[in-house]
Amino acid sequence: MSVPMSRDNIVLRSLAQIGECGLFLLRMLAAVPRSLRHYRETLRQIWFVGAMSLIIIMVCGLFVGMVLGLQLYDVLSIFGGTSATGTVVAIAIYRELGPVVTALLFAGRAGTSVTAEIGLMRATDQIAAMEMMAVDPVAYVAVPRFIAGVIAMPLLSCVFCALGIFGGHLVGVTWLGIDNGTFWSNMTATVEVVKDVINGVLWKSVVFGTVVSLIAVFQGYTTPPTSEGVAYATTRTVVASSIAILALDFVLTAFLM
Amino acid sequence: MSQRPSYAVGTGLFIVLGFAALGYLATQTTSVANTSRGPSYTVEAHFANIGQLKERAPVKVAGVRVGQVRSITLEPGKETADVKLAIDQRYGQIPDDSVATIFTSGLLGDQYVGIQYGSSKKVLADGGTLALTRPAQQLEEMLGKFFGAGGAADNLAGSYRVKARFSNIGALSVGAPVKMAGVAIGSVQTVKADPVKLDAEVTLAIDKKYSQIPDDSAAAVFTSGLIGTQYVAIQPGGSPDMLKDGDELVLTQSAMQIEDLIGKFLVSGSSSSSGDKKDADGGKH
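This is a predicted model, so every value here is computed, not measured. (Residues numbered from 1 in each chain as written. Chains lettered and ligands numbered in written order. Predicted model: local features only at pLDDT ≥ 70, side-chain atom pairs only at ≥ 80, totals over all residues.)

1. Brief notes about the overall build of chain A
- Tallying secondary structure elements over chain A gives nine helices and zero strands in all.
- Buried residues in chain A amount to 47% of all 257 residues. (Helix = DSSP H or I, 4+ residues; strand = E, 2+ residues; numbered from the N terminus. Buried ≥ 20, exposed ≤ 12 C-beta atoms within 10 Å, placed from the backbone.)

Here it is in structure tokens:
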């Protein structure tokens, strides 16, 4: 199988990819009971895609919160409403920025490495070797990484949001001098647990985690076994994940509102 | 278990950190943080208007939070809202003649219930009622009281068409609602400028079922909220005679222009405006 370069049937190719992706998801779900034996592998993958992504998530969350605090203070001071900075920072981060930016970072940081790893396993015939040893590669290679992504993404998203609030507080209260009590009391008066934290942060990030992990594992698993194919699959993981995240974000927002 | 893999501790830390962050978000930055814990007792208060008061809004004494609004209900057939307040047990010394008022924190802030202590020796018990309440202040009422409601007046005829003259209708447009006690009872039918009297003549079409409006009622152009659309509010008078088709509402209050208001506000300290104020007060009564 060579890298499909033809541009004439892009619609058909995209449809075929989506179809194969869906079938692959069913295959993985069917393999979940068998992969429970490999829980240690799942744990290792949570470490790899989750814990190793913490630094970038925390730094980005901090800066996103800080820049939001700065911009909102600037705009809200026109209306004399700087006391609403905390509220708007929290709502913007919980509902949109937290899950979406985390998912984009997650696709870039963890999704690509999963694709490249599985793609190289494919290219160096490790997957074929597993099949010969009667080890199901879907249960041993694909499913642990998929589950790890689904578990790690909401946790990362929560860390991102917490750091974002901290960043907003840092700029708004410590630097620009909004009253500390006003900042928190306005935030706690407006932000709702179910609407903002559960629906906003948790559900969105679970869906994004599922989609990004599925795309990453699928692209790696079905990559053409060449170095060019691995490079191509890695790129496609990022592109497809980003489009899927942003499109799904709109759909989810419309449903969860 | 021979040896623990090196990543296990890190993974555990990561998961704990993630859940800790979630717990922090859910409990410290949301309205859950406002939920009082510990024992509380319930006090009832009836308000004529609760404005934008929401459940879980704080209840404050001297600006310090002592409890929260537990529920807001409107019993069918009653005109006042029943608000149940959950007050922390340790603030159990509220005199039974205290006054409950709905305040707004800042110009655009959320509303809360403020309790001002009375002088009674008797303490409000669990399930008791705060008899003295002050409703949420509506911006128009406040401004109206502050600046006084001036009035021009006219009467015109029509088969339940009533006319009113305003020196300024603001952004009132044809089709805008006519409200009494906040309920729409009709709509604005025509708006035209009078070339002779140099004011605006507005025809209001009022629903026939509201035929019991006293003929000394006043019409005012109000704005819904700070930046909402404008409507005509009818404030019933006390006359035994009812409005008929073609009557004219004599007492009218023009739309408030924010520039005028601010202008009056800024000069109200000077001697020249004290006369204005007296007029305004006279006009109101």
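Once the structure has been displayed, the description carries forward.
2. A few points about the interface of chain B and chain A
- Contacts between the two partners involve 23 residues from chain B and, on the opposite side, 26 residues from chain A.
- The class makeup of the residues in the side of chain B that touches chain A is 14 nonpolar, eight polar and one charged. (Contact = placed C-beta atoms within 7 Å. Nonpolar A, V, L, I, M, F, W, Y, C, P; charged D, E, K, R; others polar.)

3. Observations concerning the nonpolar core
- A:Cys158, A:Val159, A:Cys161, A:Val212, A:Val217 and B:Leu25 are the most contacted members of the largest nonpolar core, which totals 72 residues.
- Going through the elements one at a time, α2 (39–50), α3 (54–76), α4 (85–123), α6 (137–175), α7 (180–190), α8 (193–221) and α9 (227–256) of chain A together with α1 (6–28) of chain B are the ones with two or more residues in this core.
- Considering every element that reaches this core, the biggest residue donor is α6(A), with 21 residues.
- Excluding anything up to four places from it in sequence, A:Val212 contacts A:Ala103, A:Phe106, A:Ala107, A:Gly111, A:Gly149, A:Ser241 and A:Ile245. (Core = buried A, V, L, I, M, F, W, Y, C linked by C-beta atoms within 7 Å.)

4. Focus on the sheet that holds strand β4 (residues 81–88) of chain B
Residue and element names in this part refer to chain B.
- Read from one edge to the other, the open sheet built from eight strands follows the order β7-β1-β4-β3-β2-β6-β5-β8, with strand pairing classed as mixed. The open sheet is flanked by β7 (129–130) and β8 (132–134), the only strands paired with a single partner.
- Bridge count between strand β5 (residues 99–104) and strand β6 (residues 111–116): six bridges; the pairing is antiparallel. Each bridged residue has a counterpart across the sheet, and for Thr101 the counterpart in β6 is Gly114. (Pairing = 2+ DSSP bridges.)

5. Thoughts on the pairing of strand β13 (residues 218–223) of chain B
All names here are of chain B.
- In terms of strand pairing, β13 meets strand β14 (residues 230–235) through six bridges, oriented antiparallel. Considered in β14, the bridge of Val221 is made with Val232.
- For β13 and strand β16 (residues 251–253), the ladder comprises three bridges, and the chain directions are parallel. Bridging from a neighbouring strand, Ala219 pairs with Thr252 of β16.

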